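# Remarks on the overall topology
Listed here are the chains, written in short residue letters.
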Amino acid sequence: MNPREQSKNPMDRGRFPADPWRLVETQHRADDLGTTETLFSVGNGYLGMRGNPEEGRDAYAHGTFINGFHETWPIRHAESAFGFARTGQTIVNAPDAKLMKLYVDDEPLILGTADLEHYERSLDFRDGVLRRSLIWRTPSGKRVQVESTRMVSMSQRHLAVLTFEVTMLDGDAPLVISSQLQNRQDGEDEYHVPAASMGEATDPRKAGGFDQRVLLPRAAHADERRMLLGYQCARSGMTIAVAADHRLETPDEHEVIVRADDDLAKMVIRIEARQGSTVRLEKLVTYHTSRGVPVRELSERCERTLDRAGGHTVAEHLAEQQRWYDQFWEAADVEVATDDATQQAIRFNLLTLAQASARADRQGVPAKGVTGSGYEGHYFWDSEIYVAPFLTYTQPHLARNLMHFRTRMLPAARARAREMAQSGALFPWRTINGEEASAYYAAGSAQMHINADIAYALLQYVTATDDIGFLVRDGMDLLVETARMWTELGFWRTNGGDPTFHIHGVTGPDEYTTVVNNNLFTNVMARFNLDAAARVVEAIRERRPEDYERLVHRLGVKDDEVAEWRRCADGMSIPFDEGLGIHPQDDFFLDREVWDLSRTPDELRPLLLHYHPLVIYRFQVLKQADVVLAMFLQGDRFTPEQKRANFEYYDPITTGDSTLSAVVQAIIAAEVGYEDVAMDYFRQALYVDLGNLHHNTVDGMHIASAGGVWSALVFGFAGMGDRRRRLRFDPRLPRDWPAMRFRIRWHGTRLLVELTQDAITFTMLEPGDKPEVSVNVRGDYYTVSAKEPVRVPLDHQGPRVPGLLGNRPQTGGIRADGTRITAGVPEPMVFDEEP
C-alpha cells in the first residue's frame, strides 16, 4: 500500500487510541517491535533511548544513542578517484542502561511470551516521560503488577531517570531484579545466543559491518550504590563513560550482589517478596562523551552528575521536567479545532522535534535524532531547511546553537572546498565530524546546494530575531565563504545577449536526477546566497564600519569581490520553458522521457530499491520536490501562474519516495489552491512515522519530516512568510478546520496567532525590544501592541480547486526543439528463483 492510501487509515485505533496529549499502546505485539521501539523513544537531543522493554526482551534493535558519538572507518571504493570521501562515520550504540530484568519464582518476564492481563504503555507529550503498566500472571499462577517510567532529562543534559516497581498481587514469591549496564555494540547478550538477544542480527548499523571491536574497555566498576563502564572508540578515539546510581525501597528481606567486567556491570537484588508489598528501584543514569578527554576524567564527570542528581528525589526531577515542557508547549504548540487524532499526531511530531534538538547544544540535529542508527547518525541539509524554521520561530536560542554548530565546521568545509578545486567553503552533504562521508558522489557530494541552505537558515534566523551581533561575529564567515564557493563553481556564458552565470555538474534535492547543468533549485538558492552575502556586507560596511574592518581583516573581503557576488546573482541562469510555461528542473530535464507513475505498481516502489540508478536517471521522475521546494523557499521569485503551472507539471511525476517531499507539496498545493491535495500530503507527512508509511521507522524517526509538519501548518495553512524582513500572512485554512492557533517569536516579541475561516487575530503575549510589531496581511499592514489584540477580517482562504491531481503525467507538450513529450515505464528485470 502506498503512503497516500495508507495515510487514510494510518493507525489501529483499538490499540493506539486517539489521545491529544499522549501516544498510548494498549496491547503488546511482536510484529512491529522495531516501529514501536522508535515511536516510544525518549531523548533530549544529546541522549536518546529507544523504547526497548526494561527486561531486554523482546526487542528488534536495542539502542542508546549519543549525538555525535561515532566511530570512523575507511571507505573502500571499488574504483576510487581523487576527492572521493575517504572516512566513514557511524554513530555507535552506547552502553545500554535501560536494563532492569525481572524474575519471579526464577521465571523471567519476557513480554513476547508472558500472560499479560493488563498492558499499557504511554509517551506523555506533557512531560516526555515513557510509562508502562502491566499485570503479569506467572506460569505458577501468581499475579504481579509491574510499573515503570523512563525519562531523559531536558534540563540536565547528561541525566536519565528510570523507575521500576513490582507488586505481588497474589501470593509470596522470591523476586530478582537485575539492573545492568551492558555494552551491546561489542558485547554479547547474557544468553549467548544471537537470536535470544533480539536485535543484534538486525541492527542496521551492524549490517554495515565493523571489522574489529569498536569500544575498547577503559573502566569498569560496581558497588552496592554505583556502577560504571568506560570506553574509547578504536579508530575515532572518542571516549564515553556511563554510570548509574540506585535507590531501593522494599519492606521485605533482601540482599544485593554486584559485579563488573569489561562489557557488563550489574546489580542483582534478591527479595523475599510478600503479597501486597511493593519493591521500588530508582535508577539515575548519566552519560558523558568527548572527542579525546580520557575516560578517567569522564568518569569523574559522571560522579559529579550523579552526586548532584542524587541530592533530589525522583519526584523533583519529574517536576523539573514538567516545568521544561510547560515552557516548550507554551512556545511551540499548534492547536487545531479538529479531531483528537489529528491533534495527537501534530503534537507527536512537535515532541519529536523537541527530543531531537533541545539539548543538541554544540552538535547538529541528526536525520534520525537520537532514536535510531538510520543514516548512521549523520547531519544533512535537512536540519537547516526543515528543522531550523521551527526552532527559529519557537525557540530561537536553539536555532542559534544550530547555526553556531555550522560555524565550527568551517575549517573542514574550507579544506573540502580546496580539495574540490573551489575557493571559500564547501560543506559536506552528510557528516558527523565535518568530513564528507558520502560514498556516492552523484546523489551526495554533488548536492552543493547545502551551502545555500545553510546561508538561508542563517538569514532566516537573523531576520526573525534581529540578532545582528551573532551575524557579525559568526554568521558573516558562513555567508562570505559560501558565496565565494559559488563564484568559483559557476562560470559566465554569452549567447548573443547579456552574459549569464551558469552552474554545471551539480545535483539538486531530487536524487533521481543527478549531476546536471543549472539545476533550478541550486541556482535559485545560490542566487539568494550571493545576493544576501553582498547585501549584508554592504550594510555592515555602511552601518558598522568597525565591524567591517574586522571582517576585512579576518576574511580578506574586498569591494570588487562583493560586487562580483551581486553580478553573479543578477546574472544567474534560471531555466524556463516559454512554450510549456514551466521551469525545467535543469537544462536538459525536459529532453528525457516522462516516467508514467500511474502505470507503476506499488510493489515497485520506492524506485531506488527496484531499478538501477542509471535507469531512473534517464526519465523525468522525481524522488522528492525540487522546483516545488524552490518555490516555497524563494516564493517571491515566482509568479502565481508559474507556481501553479510548475506544481501541476511536477506533482504527477514526484514519487514521494523521500519523506522530505510531502510537506513541501502540501505547502505549495495550499498556496495555489489545491486544498484536497494539500490535505492529502499533509496527512502523509503527519503519519510518516506514526503510520510507518515508508516502512523504515524501525531505523529511527524522520526528524526533517516532523519539522516540515510545523512548516506545513504555519507557512502552508496559516500562509506565513518572512521575506525581506517582513512578517506576512496569506492564510489557506483547510475547509474542515474551524480554527487554528499557534505562537511565534518575532524580534523578541511573542505573538499568538489565531486563525478562523473569517479572520486572523494577533495578540502580543510578551513584548520584545520594540513595543510594536508590524504584520502584513494580504498586502495591508497592521500594528500589533500590548494594548489589545488585532483582528483582521478575511473574506476568503485563497483559491480553492477541489479534487486530487492523480499521478498521470502531463504529456504531449512540445519541447523547444519541436519534439513532443511522451511517457513510458521501464520494465523491471525479474529473476527466476533458483531451484
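Sequence order sets the numbering: in each chain, residues are counted from 1 along the sequence as written. Whole-chain, interface and lining totals are the exception, using all residues; otherwise, since this is a predicted model, local features are given only for residues with pLDDT of at least 70 and side-chain atom pairs are given and counted only at 80 or more. Only heavy atoms go into the side-chain values, all of them from the structure, while hydrogens and water stay out.

## Topic: the overall build of the protein
- A helix here means a DSSP run of H or I that spans at least four residues, while a strand means a run of E at least two residues long, and both kinds are numbered starting from the N terminus. When you go through the protein residue by residue, the secondary structure sums to 21 helices and 33 strands.
- Here the C-alpha atoms of the protein give a radius of gyration of 28 Å, agreeing with the 28 Å that 2.2 N^0.38 yields for 835 residues.
- Seen along its three principal axes, the alpha-carbon backbone of the protein occupies a region of about 95 × 75 × 55 Å.
- Throughout, exposure labels follow a simple rule: accessible area from a 1.4 Å probe, protein chains only, divided by the maximum for the residue type, with under 20% read as buried, over 50% as exposed, and the rest as partly exposed. Burial analysis of the protein (835 residues in total) assigns 61% to the buried set. Just to be clear, the radius of gyration here is over C-alpha atoms, and the globule rule we use is 2.2 Å times residues to the power 0.38.

## Section: helix H19 (residues 661–672)
- Here, expected helix span is obtained from the residue count minus one, scaled by 1.5 Å. The terminal C-alpha atoms of H19, which comprises 12 residues, lie 17 Å apart, in line with the 16 Å expected from a rise of 1.5 Å per residue.
- Where burial is concerned, most of H19 is hidden: 11 out of the 12 residues are buried.

## Considerations on the pairing of strand S7 (residues 100–104)
- In terms of residue burial, S7 counts as a mostly covered element, since five of its five residues are buried.
- On S7, burial covers both faces: Met100, Leu102 and Val104 on one face and Lys101 and Tyr103 on the other are all buried.
- For two strands to be treated as a pair, DSSP must find no fewer than two bridges joining them. One ladder, built from two bridges, connects S7 with strand S8 (residues 107–108); its direction is antiparallel. The partner of Tyr103 across the bridge, within S8, is Pro108.

## Looking at the pattern of salt bridges
- What counts as a salt bridge is simple: a side-chain nitrogen of Lys or Arg found within 4 Å of a carboxyl oxygen of Asp or Glu. As enumerated under the stated definition, the model contains 72 salt bridges in all.
- Ionic pairing is found between Asp263 and Arg213, a salt bridge with its closest N-O pair at 2.5 Å. Pair noted here: Asp263 is in the loop between strand S17 (254–261) and strand S18 (264–273) and Arg213 is in the loop between helix H4 (204–208) and strand S14 (215–222), with a separation of 50 residues, a long-range link.
- In this structure Asp263 comes out as buried when scored by relative accessible area, which is 18%.
- On the basis of relative accessible area, Arg213 is assigned to the partly exposed category, the value being 28%.

## Points about the side chain of Glu384
- Relative to the helices and strands, Glu384 is located in helix H8 (residues 382–394).
- Judged by its relative accessible area of 0%, Glu384 falls in the buried class.
- It only takes one pair of heavy atoms within 4.5 Å for two residues to be counted as in contact. Those residues within four positions of Glu384 in sequence are excluded, and the remaining contacts are Pro389, Leu402, Met403, Arg406, Asp453, Ile454 and Ala457.

## Structural notes on the confidence of the model for the protein
- This prediction gives the protein a mean pLDDT of 94; 96% of its residues lie at or above 70.
- A score between 0 and 100, pLDDT records how confident the predictor is in each residue. Under a pLDDT of 50 for its full length, residues 192–207 has, in the predicted model, 32 contacts with residues more than four places off or in other chains.

## Points about unusual backbone geometry
- Note the cis peptide between Arg57 and Asp58, where omega equals 0°.
- Residue position: Asp58 is located in the loop between strand S4 (47–49) and strand S5 (64–74).
- Geometrically, the link from Arg605 to Pro606 is a cis peptide bond, its omega value of -5° lying close to zero.
- Within the secondary structure layout, Pro606 lies in the loop between strand S23 (593–595) and helix H16 (613–617).
- One non-glycine residue, Asn692, adopts positive backbone phi at about 50°.
- In this structure, Asn692 sits in the loop between helix H20 (675–686) and helix H21 (703–717).

## Some remarks on the sheet that holds strand S2 (residues 22–25)
- Strand order across the open sheet formed by 10 strands is S1-S2-S9-S10-S11-S12-S19-S16-S15-S14, with antiparallel pairing between neighbours. Looking at which strands have only one partner, the edges of the open sheet turn out to be strand S1 (18–19) and S14.
- Pairing of strand S12 (residues 159–168) with strand S19 (residues 278–290), which is carried by nine bridges, proceeds in the antiparallel orientation. Counterpart to Val166 in the pairing with S19 is Val279.

## Details of helix H5 (residues 295–310)
- With 16 residues, H5 should reach 22 Å at 1.5 Å per residue; the first-to-last C-alpha distance of 22 Å fits that figure.
- Of the residues making up H5, those classed as buried are Val295, Leu298, Ser299, Cys302, Thr305, Leu306 and Ala309. Within H5, the buried residues cover an arc of 120° as seen down the axis, which keeps them to one side.
- For H5, the secondary structure elements touched by its buried residues are S12, S14, strand S15 (226–233), strand S16 (239–249), S19 and helix H6 (314–332). Arc definition: it is the arc formed by the directions from the helix axis to the C-beta atoms.

## Looking at the layout of surface pockets
- In this structure, the second largest pocket spans a volume of roughly 780 Å³.
- In this structure, the second largest pocket is lined by 24 residues; those nearest its centre are Leu459, Thr463, Arg535, Val536 and Arg725.
- The biggest single contributor to the lining of the second largest pocket is helix H13 (residues 520–543), with eight residues.
- Nonpolar residues are Ala, Val, Leu, Ile, Met, Phe, Trp, Tyr, Cys and Pro. Charged residues are Asp, Glu, Lys and Arg, and all others, Gly as well, are polar. Its residues placed into classes, the lining of the second largest pocket shows 10 nonpolar, three polar and 11 charged. Space inside and on the surface of the protein is sampled on a 1 Å grid over the protein atoms alone, with a cavity defined as a set of points where a 1.4 Å probe fits but cannot get out and a pocket as an open set with protein on both sides within 12 Å along at least 5 of 7 lines; lining residues have an atom within 4 Å of a point. Grid points are joined across faces, edges and corners, and a volume is the space filled by probe spheres set on the points.

## Some points on the sheet that holds strand S29 (residues 759–766)
- Overall, antiparallel pairing links the five strands, which are arranged S20-S27-S28-S29-S32 in an open sheet. Of all the strands in the sheet, the pair left with one neighbour each is strand S20 (334–336) and strand S32 (790–793). This sheet shows a mean twist of 20° between the axes of neighbouring strands, independent of strand direction.
- Inter-axis angles, ranging from 0 to 180 degrees, are taken between N-to-C directions of lines fitted to C-alpha atoms, where helices are fitted over the stretch in contact. Against the sheet, H21 makes contact with S20, strand S27 (739–746) and strand S28 (749–756), and its axis sits at roughly 95° relative to S27, the strand it touches most.

## As for the environment of Tyr681
- Checked against the element boundaries, Tyr681 lands in helix H20.
- Overall, the relative accessible area of 6% leaves Tyr681 in the buried class.
- In the structure, Tyr681 is positioned 678 residues away from Pro3 in sequence and 9.3 Å away in space, judged by C-alpha atoms.
- Among residues more than four places away in sequence, those in contact with Tyr681 are Arg4, Phe647, Asp651, Ala662, Gln665 and Ala666.

## Some points on the pairing of S16
- Within S16, eight of the 11 residues are buried, which leaves the element mostly enclosed by the surrounding structure.
- For S15 and S16, the ladder comprises seven bridges, and the chain directions are antiparallel. Among the inter-strand pairings, Met227 is bridged to a residue of S16, identified as Ala244.
- Adjacent in sequence and paired antiparallel, S15 and S16 are bridged by five residues, among which Gly237 carries a positive phi angle near 80°.

## As for the packing of H6 against helix H7 (residues 340–357)
- Packing of H6 against H7 brings their axes to within 12 Å, and their N-to-C directions diverge by 120°. Put simply, H6 runs oblique to H7. Of the two elements, H6 crosses H7, and the hand of that crossing is right-handed. On H7, the residues that touch Trp324, Tyr325, Phe328, Trp329 and Ala332 of H6 are Arg347, Leu350, Leu351, Ala354 and Gln355.
- The class makeup of the residues in the contact of H6 with H7 is eight nonpolar, one polar and one charged. Oblique is the label for any angle not under 35 degrees, not over 145, and not in the 65 to 115 range, which are roughly parallel, roughly antiparallel and roughly perpendicular in turn. Each crossing is labelled by how the near helix is turned from the far one, with a counterclockwise turn of less than a right angle marking it left-handed and a clockwise turn marking it right-handed.

## Some thoughts on the nonpolar core
- In terms of nonpolar packing, the biggest core is built from 222 residues, with Leu713 and Met740 touching the most fellow members.
- Here this core takes 13 residues from H13, the largest share from any one element.
- Discounting chain neighbours no more than four positions away, the residues touching Leu713 are Val334, Val336, Ile346, Phe682, Ala718, Trp737 and Met740.
- Take the buried Ala, Val, Leu, Ile, Met, Phe, Trp, Tyr and Cys residues and link them wherever side-chain atoms come within 4.5 Å; each set so joined is a nonpolar core. Listed in part, the 14 residues of the second largest apolar core include Met151, Leu228, Ala243 and Leu284.

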